[in-house]
Amino acid sequence: MNGQTKNNKALVLRLAAIVVGMFGFGFALVPLYDVFCDITGINGKTRNTAASYDFVTVDESRLVTVEFITRTNSGMPWEFEAQTKRVKVHPGEMAQVDFYVRNPSSRDIIGQAIPSVSPGTAALYLNKTECFCFNQQPLLAGQEALMPMKFYVDPQLPEDIHFFTLSYTLYDVTATSSEVAMNNK
Amino acid sequence: MSTVADDLHHDDHHDHKPSGIKRWLYTTNHKDIGTLYLWFAFIMFLIGGAMAMVIRAELFQPGLQIVDPNFFNQMTTVHGLIMVFGAVMPAFTGLANWMVPLMIGAPDMALPRMNNWSFWILPFAFLILLSSLFLEGGGPNFGWTFYAPLSTTYSNDSTALFVFSVHIMGASSIMGAINVIVTIFNMRAPGMTWMKMPLFVWTWLITAFLLIAVMPVLAGAVTMVLTDKFFGTSFFDAAGGGDPVMFQHIFWFFGHPEVYIMILPAFGIISQIVPTFSRKPLFGYSSMVYATTSIALLSFIVWAHHMFTTGMPLFAEMFFMFATMLISVPTGVKVFNWVATMWRGAISFEVPMLFALAFIVLFTLGGFSGLMLAITPVDFQYHDTYFVVAHFHYVLVTGAVFSIMAAVYYWLPKWTGKMYDETLAKWHFWCSLISVNVLFFPMHFVGLAGMPRRIPDYSLQFADFNQWISIGGFAFGLSQFIFLALLLKACRKEGEPVSDKVWDGAEGLEWEIPSPAPYHTFETPPVVK
């Protein structure tokens, strides 16, 4: 009977290790998902760090149309609009689009814009050298601003993509962000 | 401490057990715990069923008449949670507790004290979940799949209670699964080799592995919901860099294997019953084992077929479509094996066999509607309609629940030593069979016509079918009281005494012990030739 108990204990320990491992795996899915989407670009997320614009050759043989869509999340009172609705650019060519924001409410609000590209594969080839979405954007009550975004389309962009849409959703992150951002203003 | 010692001491004596409530609270006997699980599951089945009655009463007519939409949402949510985690899974665990040791010739489960724990934490989990319905603001209302941001941004504070109750249910299932695996690995009687194990034991072994693989992932998912909601993390919040679609990936990575957790033991039960009443050995035993294993493995790579409309790239949709269709191959192997077992058998139609036959036909029907849902382009039409509701109720009610009823009728005489009331049993079967089809079959039609699920109101053109569905629902609900009456009679030990073998075509170790099964069995292991 003792041998039996020993065997049981060994097996229980191994099974418990699987349980703990799978609990960890559940959380590991979070970074794995991000890495997978970064590599494949299938969820349309663009990089949230600035790209550099060095040694880029402009491919004048074709034009790509980039369209801009803006929306605010529910509960976010800002007016938010792209000054240019669509641009035609050669891959490798630098372009700038300004986004207009106004805080019509009577309280100071910190906003965060989240970009999304459709079709998702184009996200890999959209290089932003400057973007308001890299940081949280504070806006005092009643204030308005123009927020710049500079980008170029990677010349490696697959030939079959002639058109893609960049959409920004603006979130109110005042409650969760620190007050530092507001003071820095 | 002294009670524990006393209890251990008592257990050493044959058929000597504490009386009254203490017997059930302190019990480490696999048969007692099995009985507890089965009664608990049946009570939960009735409570979850009562919620379904509320849903069907509201949907009897278009417009809002009985409950407000928020309460309706709580009913659909808690109905799902109770039926999945409170009824089907504990019922299978109860059957495993009763039958696995008897079928492999073991004196008890390997870890009897943990067995007691894994049962007795369950009532608390459901007490927490059900009590949340009575709090201000109500209980969970985001669907049993608790998609973010419904469960994070838009839910009320009772979400914390939901999360803790799911944690407890998960802990209970994991402990139960570990117990089953250790019992099957270490306590088989001499000569009971792997490929001699009854199929119910095989399917439960594989189910137990699925449980320990995915229940921790569910625990992780609810924990992320908890921290997103209350502690400022952003796993699923896009504003903070998270992704709500990722919730669906994590949830269904658990959720799809969970589907097979609720059906593999049913395959095992049917594979025990069909040979008995066909008086022939099971056709294709080893192919059954391999089919079960491959279904279990495939279940890990098909989860995104629940998410075809989330905007996945084409290659992912194709992959998940074909992987899903692949599952119908091993499932088809099983269905054909059952049919081949019956082929030229001397079939008799006792109630367990009736339920098993209904299972084979109606589960296959649910499988076919599943195949339709697997086709990505048409799924865009069917997604989130009553067609999906029809599909999963065919596989879970006429599938899993019918198999549990078949199992109860099959083994009840062995448990009580008396034959159940056959008239009541036949009434129960025929009333259930007819009403369940009146209940779920028209759901296919309203679903194909575009009636969305989880909505307390619907367009006028669906009114006639919904009345039929509701009438079928009420009739199916009432039919279960026949089952309750039969079970109460059986517990009072009424009925004709049965032989040890009970059914003349029955094979296996559980039929070699006396009827009713004594409190302790196989203290000296049998030898399997």
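Residues numbered from 1 in each chain as written. Chains lettered and ligands numbered in written order. Predicted model: local features only at pLDDT ≥ 70, side-chain atom pairs only at ≥ 80, totals over all residues. Heavy atoms only, no water.

Chemist: What is the right way to read the nonpolar core from this model?
Modeler: Nonpolar side chains tend toward joint burial in soluble globular proteins. With 194 residues, the main nonpolar core has Phe85, Leu95, Phe126 and Trp411 of chain B as its most contacted residues. With 33 residues, the next largest nonpolar core counts Trp78, Val89, Ala122 and Leu170 of chain A among its residues. (Core = buried A, V, L, I, M, F, W, Y, C linked by side-chain atoms within 4.5 Å. Buried < 20%, exposed > 50% of the residue type's maximum accessible area, 1.4 Å probe, protein only.)

Chemist: Just checking my understanding: could you explain the interface of chain A and chain B for this structure?
Modeler: It is common to give the size of an interface as the accessible area that goes away when the parts come together. Residue-level contacts link 25 residues of chain A with 32 residues of chain B. With both sides pooled, the region where chain A packs onto chain B buries about 2400 Å², and carbon together with sulfur makes up 77% of that total. Taken together, the connections running from chain A to chain B amount to four residue pairs in polar contact (both at pLDDT 80 or more). Listed by contribution, the elements that provide at least two residues to the side of chain A that touches chain B are α1 (2-40) and β5 (109-118) of chain A. (Contact = heavy atoms within 4.5 Å. Buried area = accessible area lost by both parts, 1.4 Å probe. Polar contact = N/O pair within 3.5 Å; in protein donor to acceptor, adjacent residues only side chain to side chain. Helix = DSSP H or I, 4+ residues; strand = E, 2+ residues; numbered from the N terminus.)

Chemist: Explanation requested: a nonpolar patch on the surface in the structure shown.
Modeler: A cluster of nonpolar side chains, contributed by Ile18 of chain A together with Phe185, Trp194, Met195, Phe209 and Tyr290 of chain B, occupies part of the molecular surface with about 550 Å² of accessible area. Positionally, phenylalanine 209 of chain B belongs in helix α8 (residues 199-230). (Patch = residues over 30% accessible without salt bridge, like charges linked within 9 Å, V, L, I, M, F, W, Y side chains within 5 Å. Areas by Shrake-Rupley, 256 points an atom, 1.4 Å probe, with all protein chains shown as cover. Salt bridge = Lys/Arg side-chain N within 4 Å of Asp/Glu carboxyl O.)

Chemist: When you look at the state of the cysteines in this model, what are you seeing that I'm missing?
Modeler: Chemically, a disulfide is nothing more than a covalent bond linking the sulfur atoms of two cysteines. Residue and element names in this part refer to chain A. All chains considered together, the criterion is met by one disulfide over all chains. For cysteine 131, the disulfide goes to cysteine 133, at an S-S distance of 2.4 Å. Residues cysteine 131 and cysteine 133 share a disulfide whose torsion about the S-S bond is about 130 degrees; that sign makes it right-handed. (Disulfide = S-S within 2.5 Å.)

Chemist: Looking at this model, I keep getting lost on the pairing of β5 of chain A. Mind explaining?
Modeler: Strand residues, when the strand is regular, have side chains that alternate between the two faces of the sheet. Residue and element names in this part refer to chain A. Judged by how many residues are buried, β5 sits mostly within the fold: eight of 10 residues are covered. Relative to strand β7 (residues 137-139), β5 runs antiparallel, the two being bridged by three bridges. Its bridge partner being in β7, isoleucine 109 is matched across the sheet by leucine 139. Note: β5 against strand β9 (residues 163-172), eight bridges, orientation antiparallel. Following the sheet pairing, isoleucine 114 is matched in β9 by threonine 169. (Pairing = 2+ DSSP bridges.)

Chemist: Mind showing me how you'd approach the domain arrangement of chain A here?
Modeler: Domain boundaries in chain A define domain 1 (1-40) and domain 2 (64-183). A C-alpha centroid distance of 41 Å is found between domain 1 of chain A and domain 2 of chain A. (Domains from an automatic or database assignment.)

Chemist: Looking at this model, I keep getting lost on the sheet that holds β9 of chain A. Mind explaining?
Modeler: Hydrogen bonds along the backbone pair up the strands of a sheet, which may run parallel or antiparallel. All names here are of chain A. Strand order in the open sheet formed by five strands is β3-β1-β9-β5-β7, and the pairing between neighbours is mixed. The two strands at the open ends of the sheet, each matched to only one other strand, are β3 (86-89) and β7. Averaged over neighbouring strand pairs, the angle between their axes works out to 30 degrees when direction is ignored. (Axes fitted to C-alpha atoms, helices over the stretch in contact; angles between N-to-C directions.)

Chemist: It is not clear to me how the environment of threonine 309 of chain B should be interpreted in this structure. Could you clarify?
Modeler: Residues and elements named next belong to chain B. Along the chain, the position of threonine 309 falls in the loop between α11 (285-298) and α12 (314-326). We classify threonine 309 as partly exposed; its relative accessible area is 34%. The spatial distance from the C-alpha of threonine 309 to the C-alpha of histidine 383 is 7.7 Å, given a sequence separation of 74 residues. Polar side-chain contacts of threonine 309 include one of 3.4 Å to the side chain of histidine 383.

Chemist: So what exactly am I meant to see when it comes to empty space enclosed by the protein here?
Modeler: Unoccupied space between atoms shows up once a probe the size of one water molecule is rolled over them. Residues and elements named next belong to chain B. Here the structure, examined in full by the defined rule, presents three cavities of 30 Å³ or more. Estimated volume of the largest cavity: approximately 140 Å³. Met89, Pro90, Thr93, Ser173 and Leu211 are the residues nearest the centre of the largest cavity, which is lined by 17 residues in total. Contributions of two or more residues to the lining of the largest cavity are made by α4 (69-104), α7 (159-186) and α8. Among the residues forming the lining of the largest cavity, the class breakdown is 12 nonpolar, five polar and no charged. (1 Å grid on protein atoms, 1.4 Å probe; cavity = no way out; pocket = protein on both sides within 12 Å on 5 of 7 lines; lining within 4 Å. Points joined across faces, edges and corners; volume = space filled by probe spheres on them. Nonpolar A, V, L, I, M, F, W, Y, C, P; charged D, E, K, R; others polar.)

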